[in-house]
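Descriptive structure summary
Each chain, written out:
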Amino acid sequence: MGYSVRLCSVLLAVSLSGCVVVHKESTSPSRDTSEFINVNSTLWMQTSAEYKANALQTYKAAELQLDNALKDKSWTSAIEQQSNYTHLPPAIILDVDETVLDNSQFQADMILNNYSYDPKKWDQWVAKQTAPEIPGAVAFINRARQMGVEIIYITNRECKPRSSSADSCPQKQETMNNLKSVGVQGVDSEHVLLKKQKANWSSEKQSRRELIAESYRIIMLVGDDLGDFLPNVKKGITATARKELVDEYQDNWGVKWFILGNPTYGSWSQVLDAPKSKFLRGF
Ligand SMILES: [Mg+2]
């Protein structure tokens, strides 16, 4: 995940009712002068029946497309996959955070203890390996595996050495452990691709999708961020242009591309420069 966006994620609450508004001194030049604590967004994920139903609905829709995707050998979901793929084994690419694993406890901790996104705190959260599943994710993954589909995770959890570990990327095993702990079957090292695990694996996921496209027919993409589906949508682009891309690829949504709601952070927020309140449209 593009963790730098977490700093800005608190702004979403402004679009929802009942948000708490806090005015305080900025501690970073990139930070808005006023902040909106991410209370409603996090509460929605943690407490609402609506969020749970939304996630279940997304995964159910994906499951309903599995038969079609497997039968039709010309079916691919990745724009990186253009030719010579019909004979390849099928795979689904999933993001991890807010797609399979629910990190809203980390968001809640930021609110409860009054801090902004801190990579060290995030690393501590990853090391705990206690993120619960996003509703519907595990059942979908295990069903797809039963049907002979390879599951591949492309995550922006970052490989970073940790002083307490001899492993150069302890985050990888921890992520795999967490996925297994929520009931995901068949998690293996070869199919969990972290940011910076290789030199050219940046937060832009395109190069990793291209790599997978060499060996698999990518039948579905599942994520919570437009960057889980398309390249060049995380920075240097307007919110309007991002929405136009949704229209451009309208045939893919709900058929080959499945997106989970994430109001707490994401590139949707990252592309809004400060002060974000200027993007609000009243009547
Ligand atoms: Mg994500």
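1. So, the pairing of strand 3 (residues 90-94)
Strand 3 sits mainly inside the fold: five of its five residues count as buried. Burial along strand 3 is two-sided: the face carrying P90, I92 and L94 and the face carrying A91 and I93 are both buried. Judged from the five bridges that link them, strand 3 and strand 6 (residues 217-223) form a sheet pairing that is parallel. Each bridged residue has a counterpart across the sheet, and for L94 the counterpart in strand 6 is V222. In this sheet, strand 4 (residues 150-158) lies alongside strand 3 in parallel orientation, the contact comprising four bridges.

2. Remarks on the coordination of the magnesium ion
Ligation of the magnesium ion by protein atoms is provided by D95 (OD), D97 (O) and D224 (OD), these donors lying 2.0 to 2.2 Å from the ion. Each donor residue of the magnesium ion lies on the same chain, and together they follow the pattern D-x1-D-x126-D. In this pair, D97 is assigned in the loop between strand 3 and helix 5 (104-112) and D224 in the loop between strand 6 and helix 10 (239-248), connecting sequence segments 127 residues apart. The pair D97 / D224 is uniform in exposure class, with both members buried.

3. Observations concerning the packing of aromatic side chains
What characterises a pair of aromatic rings is the spacing of the ring centres plus the angle enclosed by the ring planes. Under the definition given, this model contains eight aromatic pairs. Ring geometry for F229 versus W257: centroids 5.5 Å apart, planes at 40°, classification tilted. Taken together, the positions of F229 in the loop between strand 6 and helix 10 and W257 in strand 7 (residues 257-259) put the pair 28 residues apart, joining distant regions of the chain. Residue F229 shares its accessibility class with W257, and that shared class is buried. Taken together, F229, Y249, W253 and W257 form an aromatic cluster joined through their ring pairs. Lying over the aromatic face of W75, K256 brings its terminal NZ or CZ to 5.1 Å of the ring centre.

4. Considerations on the pairing of strand 5 (residues 192-195)
Bridge count between strand 4 and strand 5: four bridges; the pairing is parallel. By the bridge assignment for strand 5, T155 is matched with L194.

5. Notes on the pattern of salt bridges
All chains considered together, the criterion is met by ten salt bridges. Linking K205 and D95 is a salt bridge whose minimum nitrogen-to-oxygen distance equals 2.9 Å. Of this pair, K205 sits in the loop between strand 5 and helix 9 (206-215) while D95 sits in the loop between strand 3 and helix 5, and the two are 110 residues apart along the sequence. Judged by relative accessible area, which is 4%, K205 ranks as buried. On the basis of relative accessibility, which here comes to 4%, the residue D95 falls in the buried class.

Each value, and the rule that gives it
Residues numbered from 1 in each chain as written. Predicted model: local features only at pLDDT ≥ 70, side-chain atom pairs only at ≥ 80, totals over all residues. Heavy atoms only, no water. Buried < 20%, exposed > 50% of the residue type's maximum accessible area, 1.4 Å probe, protein only. Helix = DSSP H or I, 4+ residues; strand = E, 2+ residues; numbered from the N terminus. Pairing = 2+ DSSP bridges. Donors = N, O, S within 2.8 Å, 3.2 Å for Na, K, Ca; no water. Phe/Tyr/Trp six-rings, centres within 6.5 Å; stacked < 30°, edge-to-face > 60°. Lys NZ or Arg CZ within 6 Å of the ring centre and 35° of its normal. Salt bridge = Lys/Arg side-chain N within 4 Å of Asp/Glu carboxyl O.

The analysis is restricted to geometry; functional conclusions fall outside its scope.
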